[in-house]
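# Architecture at a glance
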Amino acid sequence: MPEIILPEVEMNIYSPKSPAEATLVENYVCTAESSPNIIRHLTFDVSGTGLEGKFKVGQSIGVLPPGADEKGKAHKLRLYSVSSPEKGEGGKKHLVSTTVKRANEEVDGTFYLGVCSNYLCNLKLGDKLKVTGPSGRRYLLPVNKEEFNYVFFATGTGIAPFRGMIMELFEAGITNEVALVFGCPYRTDLIYPKFLNEMEEKHENFHYIKMISREDRRDDGSKYYVQTAIEDRPDILDPILSKENTLIYICGMKGMESGIYHNLAKRGHMGYLRLKGQPESDDPNQWSWEEVKKMLKPSERTFEEVY
Ligand code: FAD
Ligand code: A2P
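## Some points on the packing of aromatic side chains
Summed over all chains, the structure comprises seven aromatic pairs. Centroid distance Tyr139 to Tyr249: 5.6 Å. Interplanar angle 75°. Geometry classified as edge-to-face. Here the residue Tyr139 occupies a position in the loop between strand S8 (128-135) and strand S9 (149-155), and Tyr249 occupies one in strand S12 (residues 246-252), the gap between them amounting to 110 residues. Tyr249 shares its class with Tyr139; the two are buried. Cluster of aromatic residues (ring-pair linked, three or more members): Tyr139, Tyr150, Phe152, Phe162, Tyr249 and Phe303. In this structure, Arg138 packs its charged tip against the face of Phe303, placed 4.1 Å from the ring centre. A cation over a ring is seen here: Arg301 above Tyr272, with NZ or CZ 4.3 Å from the ring centre.

In structure tokens:
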């Protein structure tokens, strides 16, 4: 196993007290088809600020939405994962992209609009916004990135960092294996499908596994989730996960990580995990959900960003 050398990063060049001003230069729907799950690709121009060329993929950019909450307090900062590669969107270091889902929810008959995500998705080209960052120190590709294989697990906008990482790995000419396991409700919700399908066509060592949760059921009646890919697609994943120089990255909804860890343990891929405490049984199939959540933690080969 090669040493995992993480790059030095600059953090918080701009804070909420003194944010930078960026200009929106791209804003388009980036799902397969239009669907109620509205997800947009946004690009910010940070020219003339200290943020040019400073974001590494895996880091996040902060956005300060204008206005105040119902108590009159200024809205808090929200973080968004950078989805452009380190050299910038389209190779331009002053352009930083992200992938935003309109966070809307109905609770007990009342419809709530997410403040910052809707603000961002409604921005027009040329609009100015206040941004902070970079944020994040560990969720990064190693400097020696070509020495590893990768399995990326994403649900929804968790795809954001992997778009940039996949661009970087293949531009660097990686010859090792890269698998992306992406989970979403319907086929219409696939994010960046054109880019990912093209990458799969072009590169034999890139594997794109789609886990669609609400169209079909697994044989036991359960849903297809990113973690079930470990059991459902062993043909692709087992050979990659069995290599000692493979790293796992997880991004997306909070809670998905425990299911991934449990299924890794069930298939004997313990190198990605650290056991905190001693489970009652030696057999991972016997572990309760409480044991899984309490005891299965990521090892140094596993990177997670869940929100
Ligand atoms: P908020 O206004 O904060 O509301 C949150 C949710 O609560 C919404 O669904 C809203 O409908 C609901 N709600 C509001 N008021 C109520 C109420 N009174 N009762 C019940 N429900 C209510 N998001 C992305 O889209 N893309 C990314 O790449 C991304 N990366 C992230 C990276 C990190 C490290 C972190 C921590 C978060 C990331 N997020 C990302 C999430 C993002 O930061 C925001 O949390 C998200 O956009 C929702 O913010 P909002 O202001 O739109 O919603
Ligand atoms: P479902 O909602 O059908 O249960 P989105 O961000 O667009 O909502 O997509 C999130 C995807 O992750 C959906 O397919 C959702 O399935 C799925 N999902 C929900 N809960 C989990 C979980 N605990 N682990 C992994 N995937 C999950």
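## A closer look at the site of ligand 2
The local shell around ligand 2 holds 14 residues, among which Asn37, Ser213, Arg214, Lys223 and Tyr225 are the closest. Here Lys223 contributes a side-chain N or O atom positioned 2.9 Å from an oxygen atom of ligand 2. A distance of 2.5 Å is found between an oxygen atom of ligand 2 and a side-chain nitrogen or oxygen belonging to Tyr225. In the complex, 81% of the free accessible area of ligand 2, which totals 560 Å², lies under the protein chains. Broken down by class, the residue content of the shell around ligand 2 amounts to five nonpolar, six polar and three charged.

## Focus on the side chain of Lys56
Checked against the element boundaries, Lys56 lands in the loop between strand S2 (39-45) and strand S3 (60-64). What makes Lys56 buried here is its relative accessible area of 18%. In this view, Lys56 contacts Pro7, Glu8, Val9, Val82, Glu86 and Leu140; residues no more than four positions away in its chain are not counted.

## Considering the pairing of S8
Within S8, six of the eight residues are buried, which leaves it mostly tucked inside the rest of the structure. Two strands pair when backbone bridges link them, and strand S1 (residues 20-29) and S8 are joined in this way by four bridges, in the antiparallel orientation. From the neighbouring strand, Glu21 faces S8, where its bridge partner is Lys130.

## As for the site of ligand 1
Around ligand 1 lies a shell of 22 residues, among which Leu79, Tyr80, Thr99, Cys116 and Ser117 are the nearest. Contact with the protein chains covers 71% of the free accessible surface of ligand 1, which is 980 Å². If you list the elements that add at least two residues to the shell around ligand 1, you get strand S4 (78-81), strand S5 (95-101), strand S6 (104-107) and helix H1 (115-122).

## Considering the sheet that holds S12
The five strands are arranged S11-S10-S9-S12-S15 in an open sheet whose pairing can be described as parallel. Where the open sheet ends on each side, the last strands, each with one partner, are strand S11 (206-212) and strand S15 (302-306). Between one strand axis and the next, the sheet turns through 10° on average, direction left out of account. Relative to S15, S12 runs parallel, the two sharing five bridges. The partner of Gly252 across the bridge, within S15, is Val306. Set on the sheet, helix H6 (residues 256-266) makes contact with S9, S12 and S15; between it and S12 the angle comes to about 150°.

About the criteria used
Throughout, a residue's number is its position along its own chain's written sequence, starting from 1. For this description, chains carry letters from A and ligands carry numbers from 1, given in the order in which they are written. In view of the model being predicted, local features appear only for residues whose pLDDT reaches at least 70, and side-chain atom pairs are presented and counted only at 80 or more, with totals across whole chains, interfaces and linings using the full set of residues. Neither water nor hydrogens contribute to the side-chain values; these are computed over all heavy atoms in the structure. The pairing test for Phe, Tyr and Trp rings, Trp by its six-membered ring, is centres within 6.5 Å, and the orientation test on the planes gives stacked under 30 degrees, edge-to-face over 60, and tilted for anything in between. We count a stretch as a helix when DSSP gives it H or I for four or more residues in a row; a strand needs E for two or more, and each element gets its number in order from the N terminus. Summary of the burial criterion: residues with accessible area below 20% of their type's maximum are buried, those above 50% are exposed, and those between are partly exposed, where the area comes from a 1.4 Å probe applied to protein chains only. Any Lys NZ or Arg CZ found within 6 Å of a ring centre and within 35 degrees of that ring's normal is scored as a charge over the ring. Working definition: residue near molecule or strand if any one of its non-hydrogen atoms lies within 4 Å of it. N or O atoms closer than or at 3.5 Å make up a polar contact, with two conditions inside protein: a donor-capable atom paired with an acceptor-capable one, and, for residues adjacent in sequence, both atoms drawn from side chains. Methods summary: accessible areas were calculated by the Shrake-Rupley approach with a probe of 1.4 Å, and residue burial reflects only the protein chains presented. Charged residues are taken to be Asp, Glu, Lys and Arg, nonpolar residues to be Ala, Val, Leu, Ile, Met, Phe, Trp, Tyr, Cys and Pro, and polar residues to be all remaining types, Gly included. It only takes one pair of heavy atoms within 4.5 Å for two residues to be counted as in contact. Whether two strands pair depends on DSSP finding at least two bridges between them. A fitted line through C-alpha atoms represents every axis, and for helices the fit uses only the stretch in contact; the resulting angles, taken between N-to-C directions, go from 0 to 180 degrees.

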